[in-house]
Amino acid sequence: MAVSMETFAQWKNTTLGKLDQSRKGSVDERARHVVCLLNSQERFFTTSSCSGRIVLMDGPPEGGVVQKKDCRWLFISHDPCRSEDLVSALSRSSGEAVLKFEAFVLHVQCHRLEDAQLLVRAARRVFANVQMTFICGKDLLMLRRNLHSVAVNSGFRNSGLTVSRSGKIIMAVRSTHGLEVPLSHGGKLLVGEEYVHFLTQKANQKMEENFRRIHRFFQILQAALTAETPDLQGAEDPAVTPGEQENQAAVYRRRRKRHQSQTHAELDEEDSCSLDDCLDLFS
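Residues numbered from 1 in each chain as written. Predicted model: local features only at pLDDT ≥ 70, side-chain atom pairs only at ≥ 80, totals over all residues. Heavy atoms only, no water.

## Quick look at the sheet that holds strand β4 (residues 96–102)
Taken together, the four strands give an open sheet; going across it, the order is β3-β2-β4-β9, and neighbouring strands pair in antiparallel fashion. Two strands lie at the open edges of the sheet, namely β3 (72–77) and β9 (179–182), each paired on one side alone. Each strand axis lies, on average, 15 degrees off the axis of its neighbour in the sheet, ignoring direction. With seven bridges joining them, strand β2 (residues 53–59) and β4 adopt antiparallel strand pairing. Counted as the bridge partner of Gly-59 is Glu-96 from β4. (Pairing = 2+ DSSP bridges. Helix = DSSP H or I, 4+ residues; strand = E, 2+ residues; numbered from the N terminus. Axes fitted to C-alpha atoms, helices over the stretch in contact; angles between N-to-C directions.)

This is the structure in structure tokens:
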């Protein structure tokens, strides 16, 4: 059962009133319109976000898996970068330097399961392999029936939905659209500048694709919200062309009807599967 709107509003005010604990200390500009759109709705609020970043981290000399808490940040950018900047940062490495591209990530707390399902539908249009984890309870059968088709036929990779015993429903939008390459060992560069330049191009290409996915996710999400709330004005995406937003609601409604008919067919076929086959349970 969903918590009361009063309790949810208290959670929202407390979370949004806290200081930003990220390294940057503020919402990334490339994700701000998505964050503002969700926080303008009474049934949603964001708990964390990152628009995507290119990172060069220096791990301990003894090697092993590079953990963020144990490393030095030699370089970080939330936009495409230059190979010269990475080469310069690599000169400061004294351990195991690793170049990473990390894609857009967003965590949203939702008032009801129906609200979370709206986000799942929007996310799966852009990413793939949506995963869900639920607490055992009397709503489990309803959850399975509403959301099992999302796990089978998904769009946002590595996204997930969790429901805690206290009633908190968190939707995590994540992607496996990443890159991770070791570049130095014991402070010694293992590759030449030409290869660093090649990796920079690859990371920048992934960053541009990441921005396109954010743009598409915003459009789909806004269209879904607008279809339910026609007077929604929300945040504006600077990348949207004139007239594009007006067409999104009608497009979304048509696609939603097709999705519902597909979902019913899938559920009829899958009704015999056990709950353990469909959902992971945690305590």
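## Description of the side chain of Lys-12
With respect to the helices and strands, the residue Lys-12 is situated in helix α1 (residues 5–17). Despite its burial, Lys-12 pairs with no opposite charge; the closest candidate is Glu-42, at 7.6 Å N-O. Polar side-chain contacts of Lys-12 include one of 3.0 Å to the backbone oxygen of Phe-44. When sequence neighbours within four positions are dropped, the list of residues in contact with Lys-12 reads Asn-39, Gln-41, Glu-42, Phe-44 and Phe-45. (Buried < 20%, exposed > 50% of the residue type's maximum accessible area, 1.4 Å probe, protein only. Lys, Arg positive; Asp, Glu negative; His and termini not counted. Salt bridge = Lys/Arg side-chain N within 4 Å of Asp/Glu carboxyl O. Polar contact = N/O pair within 3.5 Å; in protein donor to acceptor, adjacent residues only side chain to side chain. Contact = heavy atoms within 4.5 Å.)

## As for the confidence of the model for the protein chain
With 65% of its residues at a pLDDT of 70 or more, the protein chain shows a mean pLDDT of 75. The secondary structure element of the protein chain with the lowest average pLDDT is strand β12 (residues 280–281), at 31, and the one with the highest is helix α3 (residues 83–90), at 96. Contacts of residues 133–156 to residues separated by more than four positions or lying in other chains number 79 contacts, the stretch itself having pLDDT below 50. Low confidence marks residues 263–283, where pLDDT is under 50. Its contacts with residues over four positions away, or in another chain, come to 32 contacts. (pLDDT = per-residue confidence, 0-100.)

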